[in-house]
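Coordinate analysis (summary)
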Amino acid sequence: MEPKSLLVLLKENRDYVSTSERDVIDFVLKDPERVVGVTIHELASMTFVSPSTISRLCRSMDIGGYKEFQRQLVYELATLRDSERTTIEDIKKGVSTKQTMFKVTHRNMESLAITEKLNDPTVIDACVDLMTDADTINLFGMGSSLLSARDLHYKLIRANLHCNTSDDWHMQLVAAKNMGPHDLAIAFSYSGRTQEVIKCVKEARRQEGKVIVVTRAGHDSEFVRLADHALYVASTEPVLRSSASASRISQLGLVDILFTAFVNKNYDRCAAAFEQNYIER
C-alpha cells in the first residue's frame, strides 16, 4: 500500500475535529521533529490534552493507533530530509560536462522519486474528480511554473476540456475574476510565495471556485491554506536559484500523473477526443 502523507492528512482534517484535537494537530504541524519518538502521554502533556484525545484523533483519521502515527511521522520526515539533502546547488566553476550530466540526471530522478512519496493517491483522485466536474479549468503560474501550467493546458485541450491560461498575468487575473462555483483553478508556484499567483487564487476563492495548488510550500503556508487540495513537489532546489530544472521536472511529473489519472477515469470520453482531434504529420 502506498504510504500516505501524514502531515497532509492532519492539515486536511484540522477543520473537522474537536478543539482539543485541533490543538494536537497544530502542535504537530508547527514542529513535527519535536514530536518524533515521544510517547502518547508525553505528547498529551505537551499539548495539554488527554491521551484518549490523541487516540481518538488517530482513529478518526484511520491511522490505526499512536504507534502507526509515529511510524508514518518518522517516514515522512525522513522523506523530507532526503529532499533537503538532494538540494541542487547553483552552478559551480570547473565542473566537467560529464559531472554535470550525472548530477542533473541524478537530481532529476531523485526529485521525481521524492515527489511521488510526498503525494497521497487519494488526493490525486480527489483532484481528478474536481477536474471531471468542472465547467472550466483555469491554470495559473508565473515564470518557470507557467511552463508547467502551459503543459497541462495543452494536455487538457487534447481531452476536449474547456480550459484557460495566459502568459499575461492580467489575463490570468481576469480569468480568476470570471470564475464561478462550478469552475476549477489549478495554480502552480514552486515557492508558494508568488504574489501574482496567490492573488489569482484569492480571487478564484472569492468567486467560490475550487482550487488545486502545486507547490513545495509547507502545510501552513497561505498558498496551501487557500486550496481545496495541494499537490507537493520535492524541495530539491533553493527558492533563490539560478535556474529551475528539478523543480520544473517535479511539476511536469505531477502534471503527467494528474492528466493520466484523469484519462484513466474518463477513458472513453478522452479516447473519443484524442481520435477526433488527432493531427497527422
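Described in the following lines is the structure provided in the data block.

Quick notes on the rules
- Residues numbered from 1 in each chain as written.
- Predicted model: local features only at pLDDT ≥ 70, side-chain atom pairs only at ≥ 80, totals over all residues.
- Heavy atoms only, no water.
- Phe/Tyr/Trp six-rings, centres within 6.5 Å; stacked < 30°, edge-to-face > 60°.
- Helix = DSSP H or I, 4+ residues; strand = E, 2+ residues; numbered from the N terminus.
- Buried < 20%, exposed > 50% of the residue type's maximum accessible area, 1.4 Å probe, protein only.
- Arc of directions from axis to C-beta.
- Pairing = 2+ DSSP bridges.
- Right-handed = clockwise from strand over helix to strand, strands pointing away.

**Notes on the packing of aromatic side chains**
- Inspection of every chain in the model, using the stated rule, returns 2 aromatic pairs.
- Ring centres 5.6 Å apart and planes at 15 degrees place the aromatic pair Y66 and F69 in the stacked group. With a gap of 3 residues between them, Y66 and F69 both fall in helix 6 (residues 66-85), about one helical turn apart.
- Overall, Y66 belongs to the buried group, its relative accessible area being 14%.
- Relative accessible area serves as the criterion here: at 3%, F69 is assigned to the buried category.
- For the pair F259 and F274, a centre-to-centre distance of 6.4 Å together with 50 degrees between the ring planes defines the contact as tilted. One end of the pair, F259, is in helix 13 (residues 246-265); the other, F274, is in helix 14 (residues 267-277), with 15 residues separating them in the sequence.
- The exposure class assigned to F259 is buried, which follows from its relative accessible area of 10%.

**Things to note about helix 5 (residues 51-60)**
- Those residues of helix 5 lying buried are T53, I54, L57 and C58. Along the axis of helix 5, the buried positions cluster into a sector of 140 degrees, meaning they face one direction only.
- Where helix 5 ends, the next residue or the one after it, D62, has phi of about 60 degrees, a positive value.

**Observations concerning the pairing of strand 4 (residues 210-215)**
- Of all 6 residues that make up strand 4, 5 are buried, and the element is covered over most of its length.
- Judged from the 5 bridges that link them, strand 3 (residues 184-188) and strand 4 form a sheet pairing that is parallel. By the bridge assignment, L184 is partnered in strand 4 with K210.
- Assessed by its sense of winding, the connection that carries the chain from strand 3 through helix 11 (residues 195-206) to strand 4 is right-handed.
- Taken together, the 4 bridges between strand 4 and strand 5 (residues 229-232) define a ladder with parallel strand orientation. If you follow V213 over to strand 5, its bridge partner there is A230.

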